[in-house]
Structure formats: C-alpha cells, structure tokens
There are 2 protein chains.
Amino acid sequence: MTRTADGFQTILDDAREASIVLARATTTHKNAALESIAAALVANTDRIVEANGRDLERGIAKGMPAGLQDRLTLTHDRVQALAAAVRAIIELPDPVGGVVRGGTLANGLQLTQVRVPFGVVGAIYEARPNVTVDLAAICLKSGNAAVLRGGSDAEESNKVLVDVIGGALEAADLPRASVASIDAYGRDGAQRLMNARGYVDVLVPRGSAGLINAVVNDSSVPVIETGAGVVHIFLDETADLDMANDIVHNAKTQRVGVCNAVETLLVHRHAVDRLLPAILQRLHDSGVVIHADEDARATFPAATAATDEDWGREYLSMDIAVRVVADVDAAIAHIRRHSTHHTESIITNDMANAEKFLAEVDSAVVMVNASTRFTDGGEFGFGAEVGISTQKLHARGPMGLPELTSSKWIVRGNGQWRR
Amino acid sequence: MTRTADGFQTILDDAREASIVLARATTTHKNAALESIAAALVANTDRIVEANGRDLERGIAKGMPAGLQDRLTLTHDRVQALAAAVRAIIELPDPVGGVVRGGTLANGLQLTQVRVPFGVVGAIYEARPNVTVDLAAICLKSGNAAVLRGGSDAEESNKVLVDVIGGALEAADLPRASVASIDAYGRDGAQRLMNARGYVDVLVPRGSAGLINAVVNDSSVPVIETGAGVVHIFLDETADLDMANDIVHNAKTQRVGVCNAVETLLVHRHAVDRLLPAILQRLHDSGVVIHADEDARATFPAATAATDEDWGREYLSMDIAVRVVADVDAAIAHIRRHSTHHTESIITNDMANAEKFLAEVDSAVVMVNASTRFTDGGEFGFGAEVGISTQKLHARGPMGLPELTSSKWIVRGNGQWRR
C-alpha cells in the first residue's frame with residue numbers, strides 16, 4: 001500500500017480497518033450506535049444549523065437556484081427529522097449473517113451462503129447534507145464503513161455532521177473512521193475515490209444524471225447506478241376511464257421532481273376519444289402543461305404541440321408528454337426506445353396485453369393498473385430508501401439494506417479433499 | 001442510435017433484438033436449440049478442426065508457448081466433448097422466470113420479483129475456442145444474447161464455431177444474432193464493446209489477470225470479474241496431521257494451473273515440528289518446489305528460501321510458499337494482506353479459531369477442514385462453470401446460471417394510486 005503524504009490513503013486504510021470491526025459488530029451494538037448518532041444530532045442541532053447557514057450564505061452569494069437552496073437547508077425541524085430517520089433504521093432487520101441458501105453435498109461438505117457487508121462503501125453526491133446522515137446510518141446498519149464525498153456546496157454542513165457522527169460512534173465504542181469525509185480533497189478526492197479499486201468495494205453516486213454518468217464512466221470501483229426515471233404509462237384500448245384518470249393524475253401530480261413520476265403518457269388510438277378528454281382536462285386543471293402529438297391535440301386542443309425532444313424527456317416538473325400509438329406493440333416499441341428502464345405501467349382490462357407488457361417491457365419495475373409512484377423502497381416495505389437501481393447487475397429497482405451487502409460461502413468439512 | 005459504417009453498431013442492435021426473442025423463449029425451445037447446437041458441432045467436426053489447424057499453424061509459426069497451444073487445440077475428441085458439454089446444459093434448470101421473493105402489500109398490490117435475463121452479455125477472452133461454445137450455451141440457456149470477442153489467436157476457430165452455432169440456432173427457429181462474434185474488429189472491437197454501455201448489459205472477461213484488469217479499468221459496461229486465486233491454507237496448532245497432509249497435498253497437486261489450487265501454506269508456530277516434515281516431504285516427493293521462510297526451512301532444509309515476492313504470488317505451477325505464523329490472528333493478517341479473496345481454508349480442531357477464521361477472512365469462499373479445490377461450480381452442484389467471481393457486487397464465488405440473470409419487479413394492481 002502506498003501512502004500519500006496528504007493522508008488520503010490513510011482515510012481509506014482506516015475505513016478498511018473500521019469495516020473489519022463493523023462486519024463483526026452485533027446488531028445490538030450497531031443499533032446502540034445508531035441511537036447514539038440520533039441523540040448527538042439532536043444535541044448538536046445549533047452547531048449543525050449554524051454550519052449549514054454558512055454553506056447557504058455562500059450559495060446565495062454565488063446565485064444558487066432556489067430549489068438547490070431548499071435541498072441544502074437544514075433547519076432545527078429538519079435536524080430532528082434526520083434524527084428520527086436514523087432511529088427508524090434501528091427498527092429494520094439487520095441483513096448481515098442472513099442465510100441466502102445452503103445445503104450438504106454428497107461428500108458431506110456443508111455449504112452456507114451468508115450475507116456479509118461489502119466492506120467499504122464510497123458515495124459521491126451533491127448539495128444534500130441529509131444524504132450524509134442517511135448514508136452513514138444505512139452503511140452502519142449494514143455493517144459497512146462509509147467514505148463520503150458530499151460536494152463543495154454543503155462542505156461546512158457535512159464537516160460538522162461527520163464530526164458529530166464520529167463522536168457518537170466513539171461514544172458507542174465503534175471506530176470514528178467508520179464514517180469518513182473526503183470533502184477536504186475537493187474534486188481530486190472524488191476522482192481518487194473512483195480509482196480506489198481494492199480499497200473501496202462499491203461506489204454509490206446520488207444526484208444529477210450528469211454526476212451519475214461521470215461516475216459510471218470514470219470509476220474502476222464497481223458502481224451501483226441509481227438512475228433517472230423517464231417513466232411511461234400506457235392506456236390500453238380497454239382501460240377503465242376512472243381508473244386511468246386517477247392513476248395518471250396521481251402519477252403526475254402527487255409529487256413532481258421525483259424519479260417515479262410519470263413523464264410520458266401513451267394512449268391506444270381506439271381509446272383516445274373515450275379517455276383523453278377527461279384525463280387531460282384534469283391534468284390541465286391541476287396546472288400540468290401537456291405536450292401532445294397531433295392525434296392527441298385533435299381531442300384536446302389546449303395542449304402544446306410535442307416535439308421529438310419531448311419523447312424520453314425527464315421533466316421533473318408539471319409537464320407531461322402525450323402520444324397516441326397503434327397498439328400495445330407500438331407502446332412497447334416506444335418505451336424500448338425512450339425509457340430509462342425505471343418504471344412503466346399499463347392500464348388495461350385485457351389479460352393478454354397485460355401479460356405481454358409485463359413480459360416484454362425491460363424495466364426495473366413493470367406494473368399493471370397501478371400508479372408508478374409506488375416504485376419506492378418505503379412503499380415496497382423495505383423501510384430504508386437506499387435508492388432505486390436502474391442497472392441490471394447486483395440490484396434492480398428499489399434497494400433495501402440487503403442490497404448493501406454481498407455474500408460469502410462458508411464451507412464446513414471434516415477432512416474432505418477432491419478426487 | 002448511431003449506426004457506424006462498418007456494421008459494429010448493427011451487431012449490437014441485432015443482438016438486442018435477438019435478446020428480446022430469447023427472453024421470451026420457453027425452456028423447451030431453448031433446450032431444442034442447445035440440442036441443435038450440439039448436433040451441429042458434431043456434424044461440423046472436420047470443418048472446425050481444420051479451421052483450428054490454421055490457427056495453430058499460425059500460432060506455432062510465431063512461437064506460441066506449448067501451454068497456450070494446448071488450450072487452443074481442438075481435436076475430434078475435444079469437439080465431441082464440447083457437444084457433450086452443451087448437452088449437459090440442457091439438463092440444468094432454467095433460471096428465467098424463477099420467483100426471488102414477493103408478497104401482497106397492505107393496499108392490495110401484488111409484488112413479485114422474478115429472474116429475467118440480463119439481455120446482451122459481452123465476453124472478452126483469449127485463445128480458448130472452447131469458451132466460445134461454453135459461453136454461447138450458457139447465455140442461450142439463461143436467455144441472453146452473447147457478443148463474443150475471442151482474440152486473434154483463435155480467430156479462425158471462433159469464426160467457424162460462431163457460424164456453426166448460428167446455423168444451428170436458425171434451424172431451431174431462434175435468431176442467428178443470438179450469438180455474435182466481433183473478432184473481425186480486432187482490438188478496436190474489444191474497446192468498443194467496453195464502451196457499449198446501454199447496448200451491452202454486462203461484460204464478462206475471462207483470461208489472464210492482465211486482460212481482466214484492462215477490462216475492469218476501461219469498461220463503462222458493468223463487469224463481472226472472475227479473478228485470480230492466491231489461495232491460502234492455514235494449519236492451526238490443533239490441526240490433525242493426516243487430515244492436513246491429505247488436504248494440502250490435494251489442494252496443491254490434484255490439478256495445478258487452476259485458480260482454486262493452494263499457493264501459500266501458513267503454519268502455526270507450535271505445529272511446525274509436528275506437521276511440516278511429513279507434509280512438505282510428501283509435496284517434495286510429488287515434485288512440488290517449496291519456497292519456505294526461515295522457520296519452516298529449519299524443519300525442512302530441502303526447501304528453497306522464500307523471498308517477499310513469494311507471498312501473494314499465484315504460481316499456477318508445482319510451487320508452494322510456506323510461512324510460519326504466530327497464531328490464527330497472524331494468519332488472518334497475512335491473508336488480508338496477500339489474498340485475492342478467492343478461497344482460504346483453515347485446518348483446525350479448535351472451534352473458536354475455526355469460527356474466527358470463517359468470520360474474519362474476507363474471501364468469496366472460506367473453509368474449515370476441506371480442500372480449496374472444492375471451490376467450483378460443478379462441485380457446488382451448479383452444473384455449469386460460468387466462472388468464479390472475486391468481486392463483491394452481484395455474484396461472489398462460483399457462478400451458476402442464475403448469476404447470469406438480473407431480476408425485475410412485477411406489480412399487479414386494480415387501480416391503486418398513492419395517497
């Protein structure tokens with residue numbers, strides 16, 4: 001191991017050492033540390049809010065957009081909410097040590113595949129100090145050490161948060177190095193984290209598509225990609241009007257700016273006149289801007305004309321693209337071309353079309369007659385929100401604590417050797 | 001999608017189209033195609049052996065080492081064996097469609113996580129035409145299209161093999177593009193395959209450590225790493241002499257040049273005199289060169305003096321490194337420093353030390369009182385040999401057909417929307 005003069009390698013080495021302790025820590029011990037962190041966050045609220053204020057001031061001075069300011073802000077109430085989120089993780093089952101499968105071979109060897117922590121989890125994210133606490137708690141519960149790069153916008157907030165968490169870990173008799181920040185190393189630190197193959201076991205980017213793509217392309221450490229959601233709903237010929245109306249309205253308006261909100265509505269050409277007027281009117285009345293193709297605009301003239309840029313666009317806003325298609329096959333073809341493979345839903349009363357859609361649409365979550373907003377770790381019953389994976393390796397769809405573990409094979413013999 | 005003039009992108013697009021057909025193919029259909037491939041291999045033996053002869057001739061002319069020549073060679077018998085290996089895959093259970101987990105949420109939504117193929121699997125390997133057939137059959141059974149880069153040394157063999165497989169697929173009414181070769185694009189093709197994120201779902205490198213490292217570092221497509229094996233056995237103070245002797249001899253000599261053969265033997269200092277003389281003598285008598293530290297050489301003077309380069313070295317030959325350590329903790333520390341996290345085994349009669357070793361050694365497979373040669377898909381009962389993963393993401397240890405699948409969530413509702 002080459003140690004650099006600036007201490008970066010020492011952070012990685014210390015994280016590895018901490019991970020060995022965490023891997024063996026009992027659930028009771030880890031839960032006590034989580035309680036210690038929650039209490040420390042509450043006790044240090046003033047200090048945290050103060051540091052956050054300095055980040056905010058700097059952000060405002062350099063013209064940070066309001067949305068970003070809001071995500072950056074930590075108020076007294078929000079710190080209490082962070083502490084509550086940490087306490088919620090205490091209640092979740094500990095994935096470590098769970099038996100995945102096993103058995104006894106003919107030669108008497110006993111095989112058990114058990115869940116083990118990854119070891120050291122790296123994370124690169126942006127301007128969201130709540131993610132620092134989230135990831136620290138999730139990694140701790142799953143027995144992983146965390147090396148965090150939170151971005152310069154939240155640097156002061158993250159520094160205090162990691163310090164408070166470190167103190168709480170020590171108070172609970174776990175290594176301070178279990179949660180480390182590399183913010184002090186700036187952009188260079190992010191690059192070195194991506195190159196730290198052999199020292200960091202997995203890297204989780206959270207943030208904009210640009211950030212995620214950069215990590216995916218540059219990292220030699222294996223990445224779990226939590227990607228963007230260009231989510232589609234297809235209204236089939238037999239869709240029930242009321243059901244379709246409620247689901248589309250919910251999927252678009254219940255919360256915008258989230259990855260499981262619908263972005264494109266596809267409609268069977270034989271259902272346009274029956275379904276679209278009421279559904280688009282309700283969206284319109286709720287303030288949604290409708291970007292429709294010509295066939296849809298014939299039924300709903302208030303819509304804006306869609307351009308090719310509207311297909312496959314993740315608005316993350318009160319906008320929706322609407323397109324009329326010939327049939328379920330055309331809907332699937334459109335989705336195949338424009339989807340980010342996050343979530344797609346068909347609204348139908350036709351069994352064959354439902355099964356076809358479920359089988360042929362290649363997305364992390366495929367639904368029939370349900371709102372796409374249900375693609376969520378909390379809604380799926382996983383408790384913690386680790387993110388939603390849009391890659392096919394390791395984890396796909398909403399991730400819970402078990403997705404932050406690897407496995408290992410335990411083989412118990414009494415002298416067996418291979419013939 | 002941008003299509004390049006030289007047809008490379010068309011290969012990827014056609015593989016994607018084929019993968020859609022394969023994902024929906026029934027097990028019966030895929031098995032019929034496997035039988036068709038096996039029969040075609042047998043029927044085309046002469047053509048295959050002839051093409052292989054040209055590869056061999058070229059290799060010999062440019063001074064290919066004998067070991068490589070052997071791996072490259074396809075005889076009549078070896079082609080029959082390839083066909084038999086394809087037929088063996090017919091017998092394995094189809095992983096596609098298997099339910100991983102599921103349940104019904106409080107709101108009535110029915111969740112099912114099912115196994116689905118990755119889609120398009122890329123593979124980069126070297127001078128082993130048998131791998132072409134292996135990967136084609138394994139990918140087909142698991143519902144994946146395969147894009148293969150087999151290396152210039154076996155180019156003529158692979159070309160004929162892919163052509164024979166393609167004909168057999170068509171005869172079985174599956175797309176020829178299900179198994180494609182990009183050998184015609186040379187080194188550039190390998191690079192483009194690594195950059196084909198979004199077109200290739202996962203990349204499997206098979207070959208030397210150099211090749212695997214290059215793919216891991218350069219690929220933006222997610223990689224399943226099948227790494228090198230610097231395998232350790234630790235003889236604890238209480239190890240039974242006969243058991244230790246049989247296991248060490250088996251792990252070193254039953255087959256060399258394989259990743260699960262032992263490379264380093266660690267011995268508890270209090271067991272040196274009792275265990276080492278007989279064990280090292282037997283290895284020595286079998287032709288193993290023993291590279292021992294000073295303490296071990298005191299007991300077995302015929303050994304060569306080990307240098308620092310011997311620790312962590314994957315000999316892949318009739319060589320073994322031997323080191324005396326203070327206790328189980330020192331053994332674990334040595335392993336942590338030098339292991340490739342493939343397989344390690346402790347020989348002991350001490351329960352506490354066995355449990356400590358199993359818990360603290362961070363390898364894909366950890367064993368007590370068994371030969372490391374058992375780390376193998378076949379021995380584990382998986383049937384096919386997809387490789388042994390030394391990474392922690394997605395798959396760890398021996399991989400079977402299920403490890404060549406991803407999953408997707410099916411959500412069935414009757415109008416649910418999120419409150």
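Everything numeric in this text was worked out from a predicted model, so none of it was measured. The written sequence of each chain sets the order in which its residues are numbered from 1. As they are written, the chains are lettered A onward and the ligands numbered 1 onward, keeping that order. Note on the predicted model: pLDDT of at least 70 is required for a residue's local features to be given, and 80 or more for side-chain atom pairs to be given and counted; whole-chain, interface and lining totals, by contrast, use all residues.

## Digging into the overall build of chain A
Line of reasoning, step 1. For chain A, the helix and strand inventory stands at 14 helices and 16 strands.
Line of reasoning, step 2. The dimensions of chain A, computed from C-alpha atoms along their principal axes, are 70 × 65 × 35 Å. We count a stretch as a helix when DSSP gives it H or I for four or more residues in a row; a strand needs E for two or more, and each element gets its number in order from the N terminus.

## Structural notes on helix H11 (residues 272-285) of chain B
All names here are of chain B.
Line of reasoning, step 1. Across its 14 residues, H11 extends 19 Å between first and last C-alpha, which sits within 8% of the 20 Å expected from 1.5 Å per residue.
Line of reasoning, step 2. Here a residue counts as buried when 20 or more other C-beta atoms fall within 10 Å of its C-beta, as exposed when 12 or fewer do, and as partly exposed in between; the C-beta atoms come from the backbone. Taken as a whole, H11 has its buried residues at Leu 275, Leu 276, Ile 279, Leu 280 and Leu 283. Here the buried residues of H11 occupy an arc of 100° about the axis, which is enough to place them on one side. Among the exposed residues of H11, those pointing more than 90 degrees away from its buried face are Asp 273 and Asp 285.
Line of reasoning, step 3. Buried residues along H11 sit against strand E7 (231-235), helix H10 (241-253), strand E8 (262-268), strand E9 (289-292), helix H12 (294-299) and strand E11 (319-325).
Line of reasoning, step 4. Positive backbone phi, at 95°, marks Gly 287, one or two positions downstream of H11. Multiply 1.5 Å by the residue count of a helix minus one, and that product is the helix's expected span. Think of the arc as the fan of directions from the helix axis to the C-beta atoms. For the purpose of contact definition, each residue receives a C-beta atom placed from its backbone, and two residues are in contact when these atoms lie within 7 Å.

## Here we look at the relation of the copies chain A and chain B
Line of reasoning, step 1. Overlaying chain A on chain B yields an RMSD of 0.1 Å, the required transformation being a rotation through 180° with an accompanying axial translation of 0.0 Å. Given the turn and translation reported, the copies of this chain are related as if by a two-fold rotation axis. Residues of chain A ranked by C-alpha distance from the rotation axis are headed by His 394 of chain A, positioned 1.8 Å from it.
Line of reasoning, step 2. Of all interface residues in chain A, 100% are interface residues in chain B too; the two copies therefore contact each other through one and the same surface. All copies are superposed by least squares; the fitting set is the C-alpha atoms of residues with a pLDDT of at least 70 in both.

## As for the pairing of strand E13 (residues 365-370) of chain B
Line of reasoning, step 1. With six of six residues buried, E13 of chain B is to be regarded as a mostly interior element.
Line of reasoning, step 2. Two strands pair under a simple rule: DSSP has to find at least two bridges between them. The sheet contact formed by strand E16 (residues 405-416) of chain A and E13 of chain B spans five bridges and is parallel. Its bridge partner being in E13 of chain B, Gln 416 of chain A is matched across the sheet by Ala 370 of chain B.
Line of reasoning, step 3. When the strands point away from the viewer, a crossover counts as right-handed if the path from the first strand over the helix to the second runs clockwise. What joins strand E12 (residues 343-347) of chain B to E13 of chain B is helix H14 (residues 351-360) of chain B, and the crossover it makes is right-handed.

## Section: the domain arrangement of chain A
Line of reasoning, step 1. A domain assignment, automatic or from a database, supplies the domain bounds used here. Taken as a whole, chain A is organised into domain 1 (8-224 + 400-411) and domain 2 (231-374).
Line of reasoning, step 2. Relative placement of domain 1 of chain A and domain 2 of chain A: their C-alpha centres are 36 Å apart.

## Some words on the sheet that holds strand E5 (residues 179-181) of chain A
Residues and elements named next belong to chain A.
Line of reasoning, step 1. Spatial ordering of the open sheet is given by E5-E4-E3-E6, a layout of four strands whose pairing is parallel. Each edge of the open sheet carries a strand with a single partner, namely E5 and strand E6 (202-206). Put simply, the sheet's adjacent strands are angled 20° from each other on average, direction ignored.
Line of reasoning, step 2. Bridge analysis of strand E3 (residues 120-125) against E6 gives five bridges, and the strand direction is parallel. Looking at E6, one finds that Ala 123 is bridged to Val 204. Between the N-to-C directions of two axes lies an angle of 0 to 180 degrees, each axis being a line fitted to C-alpha atoms and, for a helix, fitted only over the stretch in contact.

## Side note on the interface of chain A and chain B
Line of reasoning, step 1. Taken together, the contact between chain A and chain B spans 52 residues of the former and 52 residues of the latter.
Line of reasoning, step 2. For the side of chain A that touches chain B, the secondary-structure elements that each account for two or more residues are helix H9 (209-218), helix H10 (241-253), helix H14 (351-360), strand E13 (365-370) and E16 of chain A.
Line of reasoning, step 3. Broken down by element, the residue count for the side of chain A that touches chain B peaks at eleven residues, all from E16 of chain A.
Line of reasoning, step 4. Ten residues, namely Ala, Val, Leu, Ile, Met, Phe, Trp, Tyr, Cys and Pro, are considered nonpolar, four, namely Asp, Glu, Lys and Arg, are considered charged, and the remaining ones, Gly among them, are considered polar. Partitioning the side of chain A that touches chain B into residue classes produces 24 nonpolar, 18 polar and ten charged.

## Things to note about the sheet that holds strand E8 (residues 262-268) of chain A
Consider a sheet: its strands pair through backbone hydrogen bonds, and that pairing is either parallel or antiparallel.
Line of reasoning, step 1. Reading across from one edge, E10(A)-E9(A)-E11(A)-E8(A)-E7(A)-E12(A)-E13(A)-E16(B)-E2(B)-E1(B) is the order of the ten strands in this open sheet, with mixed pairing throughout. Either end of the sheet is taken by a strand with one partner, and the two such strands are strand E10 (304-305) of chain A together with strand E1 (99-104) of chain B.
Line of reasoning, step 2. When E1 of chain B meets strand E2 (residues 110-117) of chain B, the two strands line up antiparallel, connected through five bridges. In the sheet register, Val 99 of chain B faces E2 of chain B, and the bridge partner there is Val 114 of chain B.

## Some thoughts on the pairing of E7 of chain B
Look at any regular strand and the pattern is simple: side chains alternate between the two faces of the sheet.
Residue and element names in this part refer to chain B.
Line of reasoning, step 1. In terms of residue burial, E7 counts as a mostly covered element, since five of its five residues are buried.
Line of reasoning, step 2. In this structure, E7 lies alongside E8, joined through five bridges in parallel fashion. Bridging from a neighbouring strand, His 232 pairs with Thr 264 of E8.
Line of reasoning, step 3. This β-α-β element, E7 to H10 to E8, shows right-handed connectivity.
Line of reasoning, step 4. Bridge count for E7 against E12 is four bridges, and the pairing is parallel. In the sheet register, Ile 233 faces E12, and the bridge partner there is Ser 345.

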